[in-house]
Structure formats: structure tokens, C-alpha cells
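Results of the structural survey
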Amino acid sequence: MLSLRYILLASIFFLTNCTPQPEIASPPNILFCIADDWGWPHAGVYGDTVVQTPTFDRLARSGVLFEHAYVSSPSCSPSRGAILTGQDFWRLGEGANLWSTLDRDQPVYPLLLEEAGYAVGSWRKSWGPGDLKAGGYDSLRPAGPKYPQGLRQFLAEKEKDQPFCFWFGASDPHRAYEKGSGAAAGIDPAKVQLPGFYPESEEIRSDIADYYYEVQRFDREVGEAIQLLDSLGELQNTLIVVTGDHGMPFPRCKGNLYDMGVRVPLVMHWGTKVKPWQRIPAFVSLTDLAPTFLEMAGVEVPEQMTGKSLAKLLRSQEDEQSLVPRNHIVFGRERHTPAQASPSIAGYPSRGIRTQDYLYIRNFFPDRWPAGVPDGATHPMNSFADCDNGPTKTYLVENADLPTVQPFYALSFAKRPAEELYDLAQDPYQLHNLAQQPNLQTVKEQLALYLNDALVGSGDPRVVPGQVDFDTLPYRASYELNGIK
């Protein structure tokens, strides 16, 4: 039997960066729609029967739906930096952290498309949060200039017949939520399926319903953008991509390497140019988007980009199974917020590898707190600062002493061992760490070895010493930190 490591190594070449394609007569427009804190599986087409996402679902039925799409990091700034640069987040220096900057020397796909003749622009949140000037940006922005009135203004002001690339950002479904907004909009909290890492609670159900309300608002706005393109005759030659930057802003989701932190919805639609209703089981990363957009436009893909182009899939009318599938994905995190004990600005560095069968996580400093210290953090939120405040967090913290709640509180906030291993067929919510199970030691060691190989191969400073100390890099937030002068 072939070893797991051999199988993984043999599949690494899925979706390799292609040599630049010959220039095409009519390069596609690109509409990239990204929600803020929208994670998998919160769309109807993924089986969620409560949240209503008719726009996303229609795009999937007439386009390409990805069942295993992952971010590079479950934190806004590094995730968005990885999307723009097409690189693993740990290659971005300071940009690997939240509230950081993005080095102007890193090539980003919107500006490369602009150099090739595209009109580029953005609306609302693109890269961030952070300070772009610190990275060398002045009036230029990595996703293109902002258009306060959105897509309609951008299309009206660009040159006629000029191909375009537009970053359609959203603040939804980022917290804070208007409490009860979900129920007021007709979402029944009683029908919400709670993840396995939460106790039964009306408060948590209602909180998720409020999150669903904002997911639905994002979906509606994407639908309005598509209607605008259709009315202007631009729809058929526009590649539409809809996704989120990481999981929902709840305990054990955003900022975590479990599925509900790093796995996201992803659909691609390109008029009638792709075979409809393709469901892609292969693993893809949002770092794959930049090389895909560039290749589709006939622009050379920079060698720095670690993502793999999906252009072949979009151009082909053949069945997707003709492609050799990538059967794993690698991701990680560095500092989300300075959530450790004051006055430290250290983060909680972790890396993970996900296959069809297993999730393996390496926590570099198990003595640190994964969601931040219970009290006295450098971050002004003070308690568990790596987890957004909200009713679900409050419920778990305030009821932590109850026997029915304590195990769930621990899953979100307690310290974690250096290694975690989950059998995904038996444990889809990744609740039971099997890293010490004798019968799984070979699997764990192979995954750990392959993860390390992948990190070394991509120059991750956590395993290639002497490059970047993520824990000491500036935290460029607009507010003051506790204990830091």
C-alpha cells in the first residue's frame, strides 16, 4: 500500500500555474464578490435549509460550485492579502497578521490587470484592516480605487468596451448584529442547526439567525449587481466569483483552523462559457483566484504566486473529473489580535493540513491561549480577545460552570495541545482530538511530515528560521493597547 505521504506528494501538481495563454480577443470581465466573515456551509446549495441564498444558489446551478474551498488564513488582513497576491499568507511578511500592512513590492492581481488595460475598482472593504501607507502604498490601493457608489458608478465612469475587474466588497456578515434582526426578518431560530461545538441554547440560535440575516443581505446585493450587468449587456462575458474571507465570527470559527474557520463558500459563473452545475470536490485555495484571473485575461502569472490557476477548468467543457484532483490543502494563522497576557503582542501561531479523511493541526506554542487569555490581554477587549464579542461568546463564558455548558466552553476557549488530529468521517465538527491514539500514530506522523515539507518548500518563517518574527511585528490598529506605551 502506498504511504499517505507518497499519495500527497504525488498529487501536489494539481492545477499548476500554466504558462501564459495566447492573448484572447475578448478577455473576460471579472466581478469578485467577497463577504466579510461568511463561512461554509451557510448557503442553501450546501444543504443549509434555513439561510436563504437564492443568488448564490442560481450561480451554482449555472456555473461551478466548489465543495472544498479554503482560505489561507482565517483572519481578515492575511486572508485578503493572500487573495490579492495569490500567495500563502505566511509569505507576506507583516501582512501575515491582522491590522498590518501589505508590501507594495508584492504583485497583486488587480494592478497587474490594470497594467494590461483593464479598468479596476473596488467598493467598501477590500484589503484590511491595516495601514497600507506603511507598506509603500500612497494614493494607490491594491484592489484598485474605491468607488463610493459602487459598481454602477464604476461602470458608468470606465471607458466603453474596456474590460474590467471589480472588487465587490461587503461589511456583511461581520459583527456587530442588531439583536433579533434574524427573527424579525422571518428566520426561525428554532430551525437553526447548531454546530456540534455549541450547547442547546435559544440565545445562540438567535445569534446565528442574526448572522443569517446579514448573509442574506449580502446575497441580495450580489443579485442586484448581476441584474445591473445584465441590463448593460455585460453579463455573458463577466466571470463572477462569490466567496467569503473566512468563517463566521463565532467561537471556534473565525480565527481557528477547524472547518468552520477556514472553509468557505465558493462559486464561479461565466455566462454560458462553462458547463453548468459542476460540483467540484477537489481542494482549492482562495490563493488560486489571482493566477486564475490573470491567466483568463492572458496576463503572465508572477512566479511569486503559490496559488494554482483554475482557468483550465473554466475553459473546458469536459467533465471536471478529467482533472487530477488536489487531495489536500494547507493553511494557518499568526497573530489575529494581541490577545495574550499584557504587555505581549504575540499571537497564536498554528498551521494545518486538511485531507478528505483527516485534519491535522500543529500549534507552535501550546502554552498560549488559542482565543486569548481569560483576562488581562494586551487587546482592549481584555477577555478572549481573539473571539469577536457577541451573544454566543457571552453565553458560553457566563455559563461556563454549568455541567451542560463547560465542555463546549472548553472547546472554544481552553488551551490546546501541540498536535491535533481529527477523523473527519467520524467527527465532522472536529471535536475529538485523536493525536494520541496508538492506531493513528502513522497517519499523524505522515501528515506532520508532509505539512512540514510544504511549509519549508514555501519558505514559511515558522519553520525556516531567520526571516520574520511575526510575534514582534507592529499591530497597526487605530486604538490603544493595554500595557503598551
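As a starting point, this report considers the structure included with it. Note that this is a predicted model, so its numbers are computed, not measured.

Definitions and limits used
Residues numbered from 1 in each chain as written. Predicted model: local features only at pLDDT ≥ 70, side-chain atom pairs only at ≥ 80, totals over all residues. Heavy atoms only, no water. Helix = DSSP H or I, 4+ residues; strand = E, 2+ residues; numbered from the N terminus. Buried < 20%, exposed > 50% of the residue type's maximum accessible area, 1.4 Å probe, protein only. Contact = heavy atoms within 4.5 Å. Areas by Shrake-Rupley, 256 points an atom, 1.4 Å probe, with all protein chains shown as cover. Pairing = 2+ DSSP bridges. Axes fitted to C-alpha atoms, helices over the stretch in contact; angles between N-to-C directions. Salt bridge = Lys/Arg side-chain N within 4 Å of Asp/Glu carboxyl O. Disulfide = S-S within 2.5 Å. Lys, Arg positive; Asp, Glu negative; His and termini not counted. Parallel < 35°, antiparallel > 145°, perpendicular 65-115°, else oblique. Left-handed = near helix turned anticlockwise from the far one by under 90°. 1 Å grid on protein atoms, 1.4 Å probe; cavity = no way out; pocket = protein on both sides within 12 Å on 5 of 7 lines; lining within 4 Å. Points joined across faces, edges and corners; volume = space filled by probe spheres on them. Nonpolar A, V, L, I, M, F, W, Y, C, P; charged D, E, K, R; others polar. Phe/Tyr/Trp six-rings, centres within 6.5 Å; stacked < 30°, edge-to-face > 60°. Lys NZ or Arg CZ within 6 Å of the ring centre and 35° of its normal. Polar contact = N/O pair within 3.5 Å; in protein donor to acceptor, adjacent residues only side chain to side chain.

This brings us to the overall build of the protein chain. Assigned secondary structure in the protein chain consists of 13 helices and twelve strands. The buried share of the protein chain, taken over its 485 residues, is 60%. Counting only contacts in the protein chain whose residues sit at least 6 apart along the sequence, the fraction spanning at least 24 positions is 74%. Summing over all exposed atoms, the protein chain offers an accessible surface of approximately 19000 Å²; the carbon and sulfur share of this is 51%.

Right, let's get into helix α2 (residues 54–61). Listed in full, the buried residues belonging to α2 are T55, F56, D57, L59 and A60. The inward-facing, buried residues of α2 abut β2 (64–70), α7 (202–231), β5 (238–244) and β7 (266–269).

If you walk across this open sheet you meet the four strands as β9-β10-β11-β12, and the pairing is antiparallel. Each edge of the sheet is formed by a strand with only one pairing partner; in this case those strands are β9 (328–333) and β12 (419–423). On average, adjacent strands in this sheet sit at an angle of 15° to one another, irrespective of strand direction. Sheet topology note: the strand β11 (residues 358–363)/β12 ladder contains five bridges and is antiparallel. Each bridged residue has a counterpart across the sheet, and for Y360 the counterpart in β12 is L421. Each of β9, β10 (350–355), β11 and β12 is contacted by helix α13 (residues 441–457), which is oriented at about 65° to β11, the strand it contacts most.

Next up on the list: the pattern of salt bridges. Throughout the structure, instances matching the rule amount to 23 salt bridges. Through salt bridges with shared partners, a single ionic network connects E334, R351, R368, D460, R462 and D471.

In this section: the state of the cysteines. In this structure the tally under the stated criterion is zero disulfides. As a non-bridged cysteine, C33 has C165 as the owner of its nearest cysteine sulfur, 11 Å distant. You can call C33 buried: its relative accessible area is 0%. In this structure C76 is a free cysteine whose sulfur lies 14 Å from that of C387, the closest cysteine sulfur available. Classification of C76 as buried rests on a relative accessible area of 3%.

Most of β2 sits out of view: six of its seven residues are buried. Where β2 and β7 come together, two bridges link them in antiparallel fashion. Its bridge partner being in β7, V64 is matched across the sheet by M268. Note that β2 and strand β8 (residues 278–285) share six bridges and pair parallel. Note that in β8 the partner of F66 across the bridge is I280. Here two bridges tie β2 to strand β6 (residues 263–264), and the two strands are oriented antiparallel to one another.

Turning our eyes to something else, we now look at the side chain of D88. Relative to the helices and strands, D88 resides in the loop between α3 (76–85) and α4 (109–115). Here D88 occupies a buried position and makes no salt bridge, while the nearest side chain of opposite charge, R91, is found at 5.3 Å. Residues in contact with D88, not counting those within four places in the same chain, are S72, T287, T306 and S458.

On to the packing of α7 against helix α11 (residues 391–398), then. The angle between the axes and the distance between the axes are what describe a pair of packed helices. Two elements in contact, α7 and α11, have axes separated by 8 Å at closest approach and are oriented at 160°. The orientation of α7 with respect to α11, classified from their angle, is roughly antiparallel. When the axes of α7 and α11 are compared, the crossing they make is left-handed. Touching E203, I204 and D207 of α7 are P391, T392 and Y395, all from α11.

Let us look at the layout of surface pockets. In this model, the second largest pocket occupies a volume close to 470 Å³. Lining the second largest pocket are 25 residues, and of these W40, P41, Q193, M260 and Y429 lie nearest its centre. At the level of elements, α7 and α8 (259–262) are the ones that each hand at least two residues to the lining of the second largest pocket. Broken down by class, the residue content of the lining of the second largest pocket amounts to 14 nonpolar, six polar and five charged.

Describing an aromatic ring pair means giving the distance of the ring centres and the angle of the ring planes. Applying the stated criterion across every chain yields a total of 23 aromatic pairs. Look at F154 and F164: their rings are 5.9 Å apart centre to centre, the planes differ by 75°, and that puts the pair in the edge-to-face class. Highlighted residues: F154 in helix α5 (residues 151–157) and F164 in strand β4 (residues 164–169), separated in sequence by ten residues. Neither F154 nor F164 differs from the other in exposure class; each is buried. An angle of 40° between the planes, with centres 5.8 Å apart, marks the rings of Y211 and Y212 as tilted. Judged by relative accessible area, which is 3%, Y212 ranks as buried. Each residue in the set F32, Y109, W167 and F293 is aromatic and connected to the rest through ring pairs, giving one cluster. Lying across the ring of F250, R175 places its NZ or CZ 4.3 Å from the centre. Against the face of W40 rests R263, its NZ or CZ located 3.6 Å from the ring centre.

Once that is clear, we can look at the environment of D460. Along the polypeptide, D460 turns up in the segment after α13. Residue classification places D460 among the buried positions, given a relative accessible area of 0%. D460 sits 372 residues away from D88 along the chain, and the two C-alpha atoms are 8.8 Å apart. Those residues in contact with D460 that sit more than four places away from it in its chain are W90, R351, L455 and F470. A polar atom in the side chain of D460 sits 2.5 Å from the side chain of R351.

On to the side chain of Q162. Position of Q162 relative to the elements: it lies in the loop between α5 and β4. In this structure the side chain of Q162 is engaged in a polar contact, spanning 3.1 Å, whose partner is the backbone oxygen of G117. Ignoring sequence-local partners within four residues, the contact set of Q162 consists of N29, G117, Y118 and A119.

Keep in mind these values describe shape, not function.
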